Amino acid sequence: MEQTALFEKIGGIMHGGDYNPEQWLDRPDILAKDIEMMKKAGVNCVTLGVFAWAVHEPREGEFHFEWLKEIMDNLYENGIYTILATPSGARPAWLDEKYPEAMRVDASGHRAHHGVRHNHCMSSPIFREKIAIMDRKLAENFADHPGMLLWHISNEFGGECYCPHCVKRFQNYLAEKFDHDIDKLNHAWWTTFWSHRFNSFDQIEPPYSNGEFSIMGLNLEWKRFTTWSMTDFMKWEISVLRDVKADVPVTTNFMKLYDGLDYREMAKELDMVSWDSYPAFHNDRETLAETMLENAFDHAVIRSMKPDRPFMLMESVPGAVNWHPFNKVKRPGAHRLACFQAVASGSDTVQYFQWRKGRGSFEQYHGAVVDHLGTDDTRIFKEVEEVGQLLKKIPDVAGTIPKNQVAMIFDWDNRWAIDDAMALAQETKNYEKTCMDIWDEFMKMGVEPDVISSDSDFSPYKVLILPMFYVLHDGVGAKIKDFVAKGGQVLATYFTGYVDKDLLCHLGGFPGDGLSEVFGIISEEIDTLYPTDRNAVRFTNGKVCEVRDYAEMLRVSDAEVLGTYETDYYGKMAAVTKKKYGEGNAYYVACRMAATDMKDLFVEVLSNAGIAGKDLPEGVEYHVRYGAEKSFEFYLNASGKQITLSGVSGKDLIGEKEISGELILDPCAVAVIEK
Ligand code: GAL
């Protein structure tokens with residue numbers, strides 16, 4: 001399904017969120033008020049039915065969709081479209097009572113009791129049968145509804161299941177993967193170590209909490225299998241819906257850098273990617289601008305899963321959540337900033353969890369557009385209303401996309417493998433933080449990197465950043481080599497290219513798979529520093545930068561040395577190198593320095609690539625989206641003070657005035673400059 005059709009229906013940016021009228025069916029007065037208030041807030045779409053199974057089917061085989069039809073009709077008549085969810089995120093009690101095998105088994109082998117949500121066994125045949133009946137009925141009843149926009153499959157897929165059925169599927173999955181040849185698996189997992197050899201696939205168990213955890217290849221395959229199994233479940237739901245009507249697009253809402261599933265694999269099955277964003281605004285460790293940047297990184301990860309189209313912000317909260325360690329309220333203005341950051345990053349939607357607070361139970365204090373007070377004059381309602389008005393000023397932004405020339409490789413396999421590796425120091429591995437810190441540095445220079453997988457097409461990019469790029473999938477070494485040879489700029493750090501896709505170490509020197517030739521170095525040792533240990537790098541221009549946590553000792557075969565260590569037995573050895581390879585350059589940073597200390601290197605890499613940055617005041621974020629005829633520059637002021645930017649020109653669609661040179665932004669103000 002063409003996602004453009006989706007946005008044509010709306011005619012601009014989507015604004016709305018999760019709406020749970022099923023909790024209020026005995027209060028028609030409230031349901032009527034909802035519509036009026038939605039119109040006031042500029043809401044043009046809502047997500048319905050995420051957890052409505054027990055209302056759709058209160059008893060097995062007894063279906064009630066009249067209420068949903070009435071709600072959808074009413075919304076549509078009032079100009080509000082529906083994103084309709086399949087309700088597999090939570091099961092009714094009758095289902096678990098009759099079919100306990102639908103409930104998950106945890107890593108210790110215990111089956112869960114009924115309750116909570118997001119906890120079905122993804123391979124259970126009976127659960128699949130039941131959700132298929134439900135999804136088919138939903139599609140038959142609503143896929144042709146004029147207000148129907150897209151399917152929201154389940155909710156926040158996550159977790160794993162160790163039930164006997166899943167274990168058997170894991171064994172079958174492995175047998176398929178290793179061509180039914182147990183010796184292939186034994187070799188890939190290096191099982192002669194500790195007498196771990198298997199005679200058959202049936203002997204392999206998942207990594208139970210009281211079982212096998214010492215085979216790195218097995219641990220990684222279990223994660224891959226869980227992703228495969230969850231994707232398979234999602235595909236099952238999608239296939240049922242498509243069987244009824246093929247051209248309604250599908251999405252599912254991902255979670256922030258969720259570690260348990262490789263969402264990139266799931267994204268391949270979706271028409272649109274979407275996610276739920278809940279930053280810890282105004283926390284006691286970061287500035288607002290820093291919190292915003294962390295969130296911008298998450299947007300970039302999601303966006304980059306389908307870089308050819310906008311993504312969707314599916315959930316966010318205008319007030320406070322209820323599940324952070326400290327549920328601080330979003331300060332005035334922060335909501336506007338966060339909403340426009342999503343759009344600036346490539347989202348065509350601003351959606352909330354939730355429209356109205358539920359009166360009881362687990363989320364009764366979770367923020368919402370409408371509070372228990374129930375009126376449209378609260379601070380939060382007014383801020384949402386303001387966002388609704390502002391979004392109406394930028395309809396042409398919908399459908400445009402960022403087109404970035406810099407990309408960072410950030411792989412789920414890499415996360416899992418680094419986390420699991422018996423090396424370095426658990427406390428300071430910090431893979432995600434290392435990536436984010438480097439990413440932030442580019443953003444501060446006005447250059448937004450995509451965050452891609454090593455399996456992605458590198459051709460749209462001029463610069464590739466490879467922080468701690470530990471796992472090399474087959475062919476990736478050759479791809480990087482080709483990228484640099486043809487003029488690309490690559491910058492890699494310590495802990496790059498140690499293992500192959502099965503986590504077997506590359507022989508003959510790290511980084512392996514041909515990359516030591518590209519960088520002109522071999523990393524012979526890696527030192528893990530205690531948290532209080534320090535070393536330093538002295539660059540050839542005399543600048544000295546602190547080194548913490550990790551330092552590799554390089555054999556330099558064929559590269560220029562840009563910096564050397566200051567102390568220890570590796571004092572004077574190379575710490576930062578550069579090699580011209582073909583038409584491009586390959587930089588290697590062998591130790592952990594603060595990303596701010598790497599700025600000069602980043603500037604050099606960008607300048608080699610002919611990419612001009614921007615001189616941005618501290619705390620101002622900059623993004624660009626491109627359309628066929630127009631582009632839109634976004635400036636977001638998270639600095640906490642009034643800022644004057646120079647060199648800005650074009651029409652500010654938010655301030656509704658021409659800017660020629662100077663743009664003044666108040667705290668939390670945003671500007672969208674049309675070019
Ligand atoms: C999301 C979830 C919603 C709601 C929200 C609260 O993770 O999808 O259903 O629970 O969190 O922040």
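All of these numbers come straight from a predicted model, not from anything done at the bench.

(A) Region of interest: a nonpolar patch on the surface. On the surface, a nonpolar cluster with roughly 430 Å² of combined accessible area is contributed by Trp190, Phe193 and Trp194. For Trp190, the position within the fold is in the loop between α8 (182–188) and α9 (216–244). The class for Trp190 is exposed, based on a relative accessible area of 56%.

(B) Just the environment of His372, in detail. Topologically, His372 is positioned in the loop between β9 (349–352) and α13 (379–391). Residue contacts for His372: discarding those within four places in its chain leaves Lys357, Gly358, Arg359 and Gln364. Within the structure, the side chain of His372 is placed 2.8 Å from the backbone oxygen of Gln364, a separation counted as a polar contact.

(C) Just the sheet that holds strand β25 (residues 670–674), in detail. Pairing in this open sheet of five strands is antiparallel, and the strands run β21-β22-β25-β23-β24 from one edge to the other. Either end of the sheet is taken by a strand with one partner, and the two such strands are β21 (620–626) and β24 (657–665). Mean inter-strand twist for the sheet, computed between neighbouring axes without regard to direction, equals 25 degrees.

(D) How the structure looks around the domain arrangement of the protein chain. As far as domains go, the protein chain holds domain 1 (406–608) and domain 2 (620–674). Using only C-alpha atoms to locate each centre, domain 1 and domain 2 end up separated by 34 Å.

(E) Just the site of the ligand, in detail. Around the ligand sit Phe51, Arg117, Asn155, Glu156, Asn253, Asp276, Tyr278, Glu315, Trp323, Phe353, Glu363 and His366, and that is every residue in its neighbourhood. Within the side chain of Glu156, one N or O atom sits 2.4 Å away from an oxygen atom of the ligand. Glu363 is positioned such that a nitrogen or oxygen atom in its side chain is 2.3 Å from an oxygen atom of the ligand. With the chains in place, 95% of the 310 Å² that the ligand exposes on its own is no longer accessible. The residue inventory of the shell around the ligand, partitioned by class, reads four nonpolar, three polar and five charged.

(F) How the structure looks around the pairing of β9. Residues of β9 alternate between two faces, with Thr349 and Gln351 on one and Val350 and Tyr352 on the opposite face, all of them buried. With four bridges connecting them, strand β1 (residues 14–19) and β9 associate as parallel partners. Paired with His15 across the two strands is Val350, which belongs to β9.

(G) Quick peek at unusual backbone geometry. The omega torsion of the bond from Phe353 to Gln354 falls at 15 degrees, within 30 degrees of zero and hence cis. Note on placement: Gln354 falls in the loop between β9 and α13. Following Phe510, the chain continues to Pro511 via a peptide bond in cis, the omega torsion being -5 degrees. You can see Pro511 is positioned in the loop between β13 (489–493) and α17 (515–519).

(H) Fine view of the packing of aromatic side chains. Tallied over the entire structure, the rule returns 37 aromatic pairs. With centroids separated by 5.8 Å and ring planes inclined at 90 degrees, the aromatic side chains of Phe297 and Phe410 adopt a geometry described as edge-to-face. Placement of Phe297 in helix α11 (residues 288–303) and of Phe410 in the loop between β10 (406–409) and α14 (412–420) is noted, with a sequence separation of 113 residues between them. Accessibility classification places Phe297 together with Phe410 in one group, the buried group. Residues Phe458 and Phe483 carry aromatic rings whose centres are separated by 6.1 Å and whose planes lie at 80 degrees to one another, so their mutual orientation is edge-to-face. Here Phe458 is found in the loop between β11 (450–452) and β12 (463–466), whereas its partner Phe483 is found in helix α16 (residues 476–485), with 25 residues between them in sequence. Side by side, Phe458 and Phe483 carry an identical accessibility label, which is buried. In textbook terms, an aromatic cluster arises when at least three aromatic residues are bridged by ring pairs, as seen for Tyr162, Phe170, Tyr173, Tyr208, Trp222, Phe225 and Trp228. In this structure, Arg415 is placed above the aromatic ring of Trp412, and the distance from its NZ or CZ to the ring centre is 5.2 Å.

(I) Structural detail: the sheet that holds strand β6 (residues 253–255). Strand order in the open sheet made by the three strands is β6-β7-β8, with parallel pairing throughout. Sheet topology places β6 and β8 (312–315) at the edges, where each strand pairs with a single neighbour. Across the sheet, the axes of successive neighbouring strands diverge by a mean angle of 45 degrees, strand direction being ignored. Bridge count for β6 against strand β7 (residues 274–276) is three bridges, and the pairing is parallel. Following the sheet pairing, Met255 is matched in β7 by Asp276. On the sheet, α11 packs against β6, β7 and β8 and is oriented at approximately 150 degrees with respect to β7.

Rules used in this analysis
- Residues numbered from 1 in each chain as written.
- Predicted model: local features only at pLDDT ≥ 70, side-chain atom pairs only at ≥ 80, totals over all residues.
- Heavy atoms only, no water.
- Patch = residues over 30% accessible without salt bridge, like charges linked within 9 Å, V, L, I, M, F, W, Y side chains within 5 Å.
- Areas by Shrake-Rupley, 256 points an atom, 1.4 Å probe, with all protein chains shown as cover.
- Salt bridge = Lys/Arg side-chain N within 4 Å of Asp/Glu carboxyl O.
- Helix = DSSP H or I, 4+ residues; strand = E, 2+ residues; numbered from the N terminus.
- Buried < 20%, exposed > 50% of the residue type's maximum accessible area, 1.4 Å probe, protein only.
- Contact = heavy atoms within 4.5 Å.
- Polar contact = N/O pair within 3.5 Å; in protein donor to acceptor, adjacent residues only side chain to side chain.
- Pairing = 2+ DSSP bridges.
- Axes fitted to C-alpha atoms, helices over the stretch in contact; angles between N-to-C directions.
- Domains from an automatic or database assignment.
- Near = heavy atom within 4 Å.
- Nonpolar A, V, L, I, M, F, W, Y, C, P; charged D, E, K, R; others polar.
- Phe/Tyr/Trp six-rings, centres within 6.5 Å; stacked < 30°, edge-to-face > 60°.
- Lys NZ or Arg CZ within 6 Å of the ring centre and 35° of its normal.

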